[in-house]
Amino acid sequence: MENDQELGTRLSTLEEYSRQQLKYTRLQCLFSLISLVCCVIVVVLVFVAVPRVEAMVGQAEQILGNLEATTQELANMDVTSLVQQMQSLLTNVDSLVTNVDTLVSTNQDGLVETLEKINAIDFDALNKAIQDLSAVIEPLAKFFSAFR
């Protein structure tokens, strides 16, 4: 009689531990999905931003090279040609600033859009779907465990 009670106690303890383990497994799955989404977002942002930054660095190097060549020619030029050179350099710098502004605003829009998509995830529905899946799989697991 004591063995039956002890066995029943142990079985109920095992069942409780199994339920806790299932709960923690579901949480782990949820956090893994969230981590996956965040990693994908970071990778996409890196692949979008790196080529643009490289292009802007190339433009900046070109402008700096032109500036250096212009400063070397300053000693040999008159004031009118100097003003024209400065005007062309300022135009190049203005285009670079415009490109940087465009890059910042484009990436900001993409980041805001991504965060809106993350906020749009219905975690309650996701949890409900996991619970429904668990409810379907549990009887199947019990059925197949009978064949062991």
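Look up a bit, the structure's there.
The shown structure was predicted, so the numbers you read here are calculated from the model rather than taken from an experiment.

Assigned secondary structure in the protein chain consists of three helices and zero strands. Against the 2.2 N^0.38 benchmark of 15 Å for 148 residues, the protein chain shows a C-alpha radius of gyration of 32 Å, more extended than a compact globule. The principal-axis extents of the C-alpha atoms in the protein chain amount to approximately 110 × 25 × 25 Å. Relative to its 148 residues, the protein chain shows a buried fraction of 7%.

Moving on, we get to the environment of Asp124. Looking at the element boundaries, Asp124 is found in helix H3 (residues 123-145). In the structure, Asp124 is positioned 122 residues away from Glu2 in sequence and 44 Å away in space, judged by C-alpha atoms.

In this section: the pattern of salt bridges. With the rule as written, the count across this model stands at three salt bridges. Ionic pairing is found between Arg10 and Glu6, a salt bridge with its closest N-O pair at 2.8 Å. Of this pair, Arg10 and Glu6 both sit in helix H1 (residues 2-73), four residues apart, roughly one helical turn. For Arg10, a relative accessible area of 54% puts it in the exposed group. Exposure remark for Glu6: the relative accessible area of 37% places this residue in the partly exposed category. With its nearest N and O atoms 2.5 Å apart, the salt bridge here joins Glu15 to Arg19. Of this pair, Glu15 and Arg19 both sit in helix H1, four residues apart, which is roughly one turn of the helix.

Parameters at a glance
Residues numbered from 1 in each chain as written. Predicted model: local features only at pLDDT ≥ 70, side-chain atom pairs only at ≥ 80, totals over all residues. Heavy atoms only, no water. Helix = DSSP H or I, 4+ residues; strand = E, 2+ residues; numbered from the N terminus. Rg over C-alpha atoms; globule rule 2.2 N^0.38 Å. Buried < 20%, exposed > 50% of the residue type's maximum accessible area, 1.4 Å probe, protein only. Salt bridge = Lys/Arg side-chain N within 4 Å of Asp/Glu carboxyl O.

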